Amino acid sequence: MMSEEHRLLDESRQTESEIFFHRDAHGTIGNPLMDEAQDLKKYGNENEPFTLDYLLDQIGFSTYHIKRFIPPALIALSDGAMIMTYSLSSVMIQKQWNYSDDLNILIISFMFFGVVGGAYLSGPIADKFGRRSPMAISAVLILFTNAISAFSPGIVFYAIARGLLAFSAGFYSPIGFTYILEIIPPSVRGKMITIGCSMVFLGQLLACTIGLFTLDSLESGNWRALTLWTTVPAVISILLNPLFLDESIRYLLIKGQFDKAFGQLDRSAQESSKSKIKELTPAHKEALHKWVDIQREIDREEREVGIRSLFGSGYAKITLIIWFSWFVHSFCYFGLTLFIPYILTKMENPQSQSTDIKPSATSGDIGDLTLSVGLESLSVLMSFFIIDRKSFGRKGALVFFYVLAAIVAVVAFVDRTRLALIIWTTALKIVLNVCSFYNYLMTTEIYPTRYRATGVGAATAVGKAGSIFMPWICSLLIQFDLFGPFIAFFVMNLLGAIFTLRLPFDTADKEMK
């Protein structure tokens, strides 16, 4: 029996053929509209109808896309710095204000709860009001809340400020990645999402580097200066927004704002030295009108944009699998980010730990973390060369890297020297970074434009829920074994691979709707 997903795919192909093609008296397939422009003639057959993705590839990747990539990339940089700043500062802040470990875990959960709330709300708002305005407003909130947290007089004020910062960052993230993927050509989509996601751990590297100059160790230093310096990327992003940040072309088309969309496409063509067109012809514009008609026909069920949209039209199973995949990544990645400094600090005092912990002579906690985060750039190189390979696919690659992450987690649990902890943690974070690249890419490719931001936002929210549960589970496991969290990471990654195998199709060959 044909699945709902495959039925919809067949219907969409049939709809495309009905709208774009006709048969003459001899049964020959033709397309008079495409014959009006030379660059559309290659798409004059039933198997390759004209699409927005085709036009974006004809225009090509250029400085137009780079300029619009920079503001959200800088906010992603700020997001990563925000996470690492708390990780580096938490021990000394706890000593300064003298609060319990339980309260520290509660603060971590509160911050990630803020991320969940922001991500949950971002999608429906962006799908209703556009990408540009919500991004611009939340960027200002990110800067403000990050800055005021540096002047906190006590732990309550600090926790509230960081919680609001987490909310703002969680709100921005899914919209920013959606915006990037909606405006760039499909031929470089995987590479750009790789670079975009890498900005998060580059932000962590930035915080570590600043920490080398502002902190004496993980237990002493000027954490307020560290916090203030990490606001710089957000300041630059906000200053660039009026210059570079346009509305998403795909969103404008779907909402019927054709003149604005055509103007942006013309500008992108003029800025591209490799573009096969310099401005849209009447044939291009008419074809885009018809492409929009196809998308509306495919999404012909009238329903309000919201979480319910993700469970209609055969998407229920896909949505649940994607959500769990994001949950696995957030649980493991942020578990490593937040608890490795804690484990390193505890290993400095082996008498307080069980006798099977083998301390090594390696020193310099902040330096070790900086090196570890810096080596995460290897995940960008790894992903850059494989993520757009259709022969490997998105689904198969994600399963492979989840299995690899599970294996590395086991090795990290067994090999217990300080140096080994740095090495295997770095290796595990590299693999998890690659998993996050595929998660973002698959999620944006699966959902249609009308509720794509909702899909990405909901997946981010559910994923960050893993970060809320993570401190409680990991702290409980640490009570039995300092390296106990690695057992949780092994189980979660293994389950991630199993669930991903259940996805009904790959998105590598799918057209973004």
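Analysis parameters
Residues numbered from 1 in each chain as written. Predicted model: local features only at pLDDT ≥ 70, side-chain atom pairs only at ≥ 80, totals over all residues. Heavy atoms only, no water. 1 Å grid on protein atoms, 1.4 Å probe; cavity = no way out; pocket = protein on both sides within 12 Å on 5 of 7 lines; lining within 4 Å. Points joined across faces, edges and corners; volume = space filled by probe spheres on them. Nonpolar A, V, L, I, M, F, W, Y, C, P; charged D, E, K, R; others polar. Helix = DSSP H or I, 4+ residues; strand = E, 2+ residues; numbered from the N terminus. Patch = residues over 30% accessible without salt bridge, like charges linked within 9 Å, V, L, I, M, F, W, Y side chains within 5 Å. Areas by Shrake-Rupley, 256 points an atom, 1.4 Å probe, with all protein chains shown as cover. Salt bridge = Lys/Arg side-chain N within 4 Å of Asp/Glu carboxyl O. Buried < 20%, exposed > 50% of the residue type's maximum accessible area, 1.4 Å probe, protein only.

Draft legend 1. Representation of empty space enclosed by the protein in the model. In total, this model carries five cavities of 30 Å³ or more according to the counting rule given. In this structure, the largest cavity occupies an estimated 310 Å³ of space. Around the largest cavity, the lining comprises 23 residues; the ones closest to its centre are Val200, His329, Phe334, Tyr440 and Lys464. Here the residues of the lining of the largest cavity are counted per class, giving 14 nonpolar, seven polar and two charged.

Draft legend 2. Quick look at the layout of surface pockets. Quantified by volume, the second largest pocket comes out at close to 590 Å³. Around the second largest pocket, the lining is made up of 23 residues, and of these Gln94, Asp101, Asn104, Tyr342 and Lys346 lie nearest the centre. Listing elements by their share of the lining of the second largest pocket, those giving two or more residues are α3 (63-97), α4 (101-129), α13 (316-347) and α18 (452-480). Partitioning the lining of the second largest pocket into residue classes produces 11 nonpolar, seven polar and five charged.

Draft legend 3. Region of the structure containing a nonpolar patch on the surface. A surface patch of nonpolar side chains, amounting to about 460 Å² of accessible area, comprises Ile487, Val491, Leu494, Leu495, Ile498 and Phe499. Looking at the element boundaries, Val491 is found in helix α19 (residues 485-500). According to the relative accessible area criterion, Val491 is partly exposed, its value standing at 37%.

Draft legend 4. Just unusual backbone geometry, in detail. One non-glycine residue, Asn98, lies in positive phi territory at about 55 degrees. Mapped onto the elements of the fold, Asn98 is located in the loop between α3 and α4. Classification of Asn98 as exposed rests on a relative accessible area of 70%.

Taken by themselves, the reported measurements are silent on function.
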